[in-house]
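Read off the chains here:
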Amino acid sequence: MPQATNIYDTTGTVMDRTRPVIALVVPCYNEQEVLPSTAATLGKLLDTMLAEELISDKSFVMFVNDGSHDNTWQIITALHAGDKRFKALSLAHNRGQQAAMLAGLMTVREMSDAAITIDADMQDSPDAAIEMVRKFKDGADIVYGVRASRASDSWFKRSSARAFYSMQQHMGLETIYDHSEFRLMGRKSLDILAQYGESNLYLRGIMTNIGLRTDIVTYDRAPRTAGVTKYTIGKLLTVSIDGITSFTAQPMRLIFSVGSFLLIADIIVAIWVLVSHFQGRAISGWSSLMLSIWFLGSLVLIALGIIGEYIGKIYVEVKHRPRYNISEKLID
């Protein structure tokens, strides 16, 4: 047997990397179709890692019910009654994947040595989770799950994903390309995450700000076996906007740059108009006037919209309302 390698986290608590207690955090929203197979897959995953002596027998699954409207919570309750490795939280309202994930992570922070966040649809590879644990045992504090390729995606999905990450990068937001929310976080990184108090959550952006030692595991994403994806194009766009406006002021700087360019253009146009007027060559043109009004009006509305987005973020943050409310816990 290898000698135990214990280190201290930021709270002074001993953390074991030889046989760590691993928590699998699974946010769930209307996932009644996939939960039975998901629970079976995660149970086998724990059994496999335990048989290989990678984890402690105290490792567990933490389901987080994000205010589901179907039978998700009833199924989770039955799973917990049949196997105490299946623990759970139920949020009082639907708060979104980011808040549900954070609620799970903050709950397991003092119950485990490391936590792995994974979607309930099991499109993320359980084998990759095993590799994450190995890299954690080798010293990594955060291990990102990154898709090996998008060959199985449609052209539209591949193109929108590239646009998603490219837009974030050009706006000054540092993220890991083709990484969603499938990752392992050690207790040290969870303690640091707990210090981030913003209401506008974007965990992918926070991860790259934590620092510490990181690593990557690549995997092929499997198709969803049941149910429907909760990530519509609208939600993906909302996530991207939240990430950009939560971590960078680049859009406002862009507005300033565009405004400065237009000011220079206006001066040039004004000189041209004055010269044409005094030379008697000025001709009133309805088309050019209307195009100018519509163009500048659109820029003004876009600028006001971006500024309004930031003001809205400030409005939400200064109220310091709780990011989520937990109505029930099954953690015995």
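Let me begin by describing the structure that accompanies this report. Everything numeric here is computed off the predicted structure, so don't read it as measured data.

Parameters at a glance
- Throughout this description, residue numbers start from 1 for each chain and increase along the sequence as written.
- Reporting in this predicted model follows two pLDDT cut-offs: at least 70 for local features of residues, and 80 or more for side-chain atom pairs to be given and counted; totals over whole chains, interfaces and linings ignore these cut-offs and use all residues.
- As a convention, hydrogens and water are excluded, and side-chain values are obtained from all of the structure's heavy atoms.
- In this analysis an axis means a line fitted to C-alpha atoms, helices contributing only their contacting stretch, and an angle means the value between N-to-C directions, from 0 to 180 degrees.
- Put simply, DSSP H or I for four residues or longer makes a helix, DSSP E for two residues or longer makes a strand, and each gets a number counted from the N terminus.
- With the far helix as reference, a near helix turned anticlockwise by less than a right angle produces a left-handed crossing, and one turned clockwise produces a right-handed crossing.
- Pairs of residues are marked as contacts when any of their non-hydrogen atoms sit within 4.5 Å.
- Here the term charged refers only to Asp, Glu, Lys and Arg, the term nonpolar to Ala, Val, Leu, Ile, Met, Phe, Trp, Tyr, Cys and Pro, and the term polar to all other amino acids, Gly among them.
- Paired strands are those between which DSSP finds at least two bridges.

Below, the discussion takes up the packing of helix α1 (residues 35-51) against helix α4 (residues 126-137). Orientation of α1 relative to α4, taken along the N-to-C sense of each, is 35 degrees, at an axis distance of 10 Å. Both α1 and α4 take part in a crossing whose hand is right-handed. Residues T41, L45, T48 and M49 of α1 lie in contact with α4, whose contacting residues are P126, A129, I130 and V133. For the contact of α1 with α4, the per-class residue count stands at six nonpolar, two polar and no charged.

So, about the environment of V300. Counting through the fold element by element, V300 comes out in helix α10 (residues 286-319). Residues V300 and I255 lie 45 residues apart in sequence; the distance between their C-alpha atoms is 9.4 Å.

On to the sheet that holds strand β7 (residues 142-147), then. Across the sheet, eight strands lie side by side as β9-β7-β8-β6-β3-β4-β5-β10; this open sheet has mixed pairing. Of all the strands in the sheet, the pair left with one neighbour each is β9 (214-219) and β10 (326-330). In this sheet, neighbouring strand axes are inclined to one another by 20 degrees on average, regardless of whether the strands run parallel or antiparallel. With six bridges connecting them, β7 and β9 associate as parallel partners. Looking across to β9, one finds that R147 is bridged to Y219. Most of the contacts of α1 go to strand β4 (residues 60-65), to which it runs at about 155 degrees, and overall it touches β3 (22-28), β4 and β5 (86-91). Together, β7 and β8 (179-186) form the strand contacts of helix α7 (residues 203-210), whose direction differs from that of β8 by roughly 45 degrees.

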